[in-house]
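# Summary of structural features
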Amino acid sequence: MQNQTYRLLIVDDHPLVRSGIRAILQLESDLEVCGEAENQEQALEIVESEQPDLVLVDITLKNSSGLTLLKELQARYPHILTLAVSMHDEYTYAVRCLKAGAKGYIMKQAGTERIRDAIRCVLEGGTYLSEKMTQSAVEQLGTGRAPGVASPVEVLSNRELELFQLTGQGKEIAEIAEIMQISPRTVEVHRSHIKKKLGLRTSTDIFQAAYEWLRQSGIQP
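Cut-offs used in this document
- Residues numbered from 1 in each chain as written.
- Predicted model: local features only at pLDDT ≥ 70, side-chain atom pairs only at ≥ 80, totals over all residues.
- Heavy atoms only, no water.
- Helix = DSSP H or I, 4+ residues; strand = E, 2+ residues; numbered from the N terminus.
- Buried < 20%, exposed > 50% of the residue type's maximum accessible area, 1.4 Å probe, protein only.
- Contact = heavy atoms within 4.5 Å.
- Areas by Shrake-Rupley, 256 points an atom, 1.4 Å probe, with all protein chains shown as cover.
- Core = buried A, V, L, I, M, F, W, Y, C linked by side-chain atoms within 4.5 Å.
- Salt bridge = Lys/Arg side-chain N within 4 Å of Asp/Glu carboxyl O.
- Pairing = 2+ DSSP bridges.
- Axes fitted to C-alpha atoms, helices over the stretch in contact; angles between N-to-C directions.
- Phe/Tyr/Trp six-rings, centres within 6.5 Å; stacked < 30°, edge-to-face > 60°.

### Structural notes on the overall build of the protein
Tallying secondary structure elements over the protein gives 10 helices and seven strands in all. Per-residue burial over the protein gives 47% buried out of 221 residues. When contacts within the protein are restricted to residue pairs at least 6 apart in sequence, long-range pairs at least 24 apart make up 66% of them. Accessible surface for the protein amounts to roughly 11000 Å². Of this, 47% is attributable to carbon and sulfur atoms.

### With respect to the nonpolar core
The biggest cluster of nonpolar side chains holds 46 residues, and the ones touching the most others in it are Val11, Val55, Leu69, Leu73, Cys97, Tyr105 and Phe164. For this core, the element with the most residues is helix α4 (residues 90–100), which contributes six residues. Excluding its chain neighbours within four sequence positions, the residues that come into contact with Val11 are Ala37, Asn39, Ala43, Val55, Leu56, Val57, Asp58, Leu61 and Leu69.

### Quick word on the pattern of salt bridges
This structure, assessed with the given rule, holds 11 salt bridges. Glu36 serves as the salt-bridge partner of Arg18, at 3.0 Å between the closest nitrogen and oxygen. Placement of the pair is Arg18 in helix α1 (residues 15–26) and Glu36 in strand β2 (residues 31–37), with a sequence separation of 18 residues. Linking Glu160 and Lys197 is a salt bridge whose minimum nitrogen-to-oxygen distance equals 2.8 Å. Of the two residues, Glu160 sits in helix α7 (residues 158–168) while Lys197 sits in helix α9 (residues 184–198), which places them 37 residues apart along the sequence. Its relative accessible area of 41% is what places Lys197 among the partly exposed residues. When salt bridges that share partners are traced, they join Glu28, Asp30, Arg116 and Arg120 into one network.

### Here's the deal with the sheet that holds strand β1 (residues 6–11)
One open sheet holds the five strands; their spatial order is β2-β1-β3-β6-β7, and the pairing between them is parallel. For this open sheet the edge positions go to β2 and β7 (105–107), each flanked by a neighbour on one side alone. Strand after strand, the sheet turns through a mean of 25° between neighbouring axes, direction not considered. Two elements, strand β3 (residues 54–57) and strand β6 (residues 81–86), share four bridges in a ladder whose sense is parallel. Bridge pairing in β6 links Leu54 to Leu81. In the packing of helix α2 (residues 40–50) onto the sheet, contacts are made with β1, β2 and β3, and the angle to β2 comes to roughly 140°. Sheet contacts for helix α3 (residues 66–76): β1, β3 and β6; angle to β3, the most-contacted strand, approximately 160°.

### Overview of the packing of aromatic side chains
Evaluation of the coordinates by the stated rule reveals three aromatic pairs. With a centroid separation of 5.8 Å and an interplanar angle of 50°, the aromatic rings of Phe164 and Trp213 are classed as tilted. On the criterion of sequence distance, the pair formed by Phe164 in helix α7 and Trp213 in helix α10 (residues 203–216) is long-range, its members being 49 residues apart. Neither Phe164 nor Trp213 differs from the other in exposure class; each is buried. Aromatic side chains Phe207 and Tyr211 sit 5.9 Å apart centroid to centroid with 45° between the ring planes, which places their arrangement in the tilted category. With Phe207 and Tyr211 both in helix α10 and four residues apart, this pair spans about one turn of that helix. A relative accessible area of 35% places Phe207 in the partly exposed class. Aromatic ring contacts, followed pair by pair, group Tyr93, Phe164 and Trp213 into a single cluster.

Here is the structure:
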């Protein structure tokens, strides 16, 4: 990794988090932050204009899902590397991110040194996961099943999980439909599936379950 400067885009909905990651990267002579974004729209605009080598993507973005952005980047710019950096539990999201096109998953709580390690691993052509997730991810990718479900939301599809998260953030049906670019009727269909999969009965039950899940995950609902 000598004699080359790698350009990185930071996508996170919290300015302080972006500033913190930028400060980490500024200490590295061969890593340069070429932009910051708080949502999918901004991220795609910057990627188009700057063509970074690596995009750091948080799972929870302003009015969008990081999983959706990862898939969009994979579809539009398969040559650009992506790394998921999130506070969400890795057992819930790591394999989902890999399937969406990410080359690794690192939790923000891991610390600055490990974030640098994850970035360099991905830039060197590797895939980064924590040691405890590596074997689990291999099994999940191979069988499509989680060896010991860590959370009930494991049974939800990516779209259902995105809707579940938005519900926990207090979004109404019309807001969710606009954010996810689907009809209100489709929102209701997804909610019906979520209720069945999680053993819930009402929309209030979904909100309470989603709110509690976000709280337990360390994410401010």
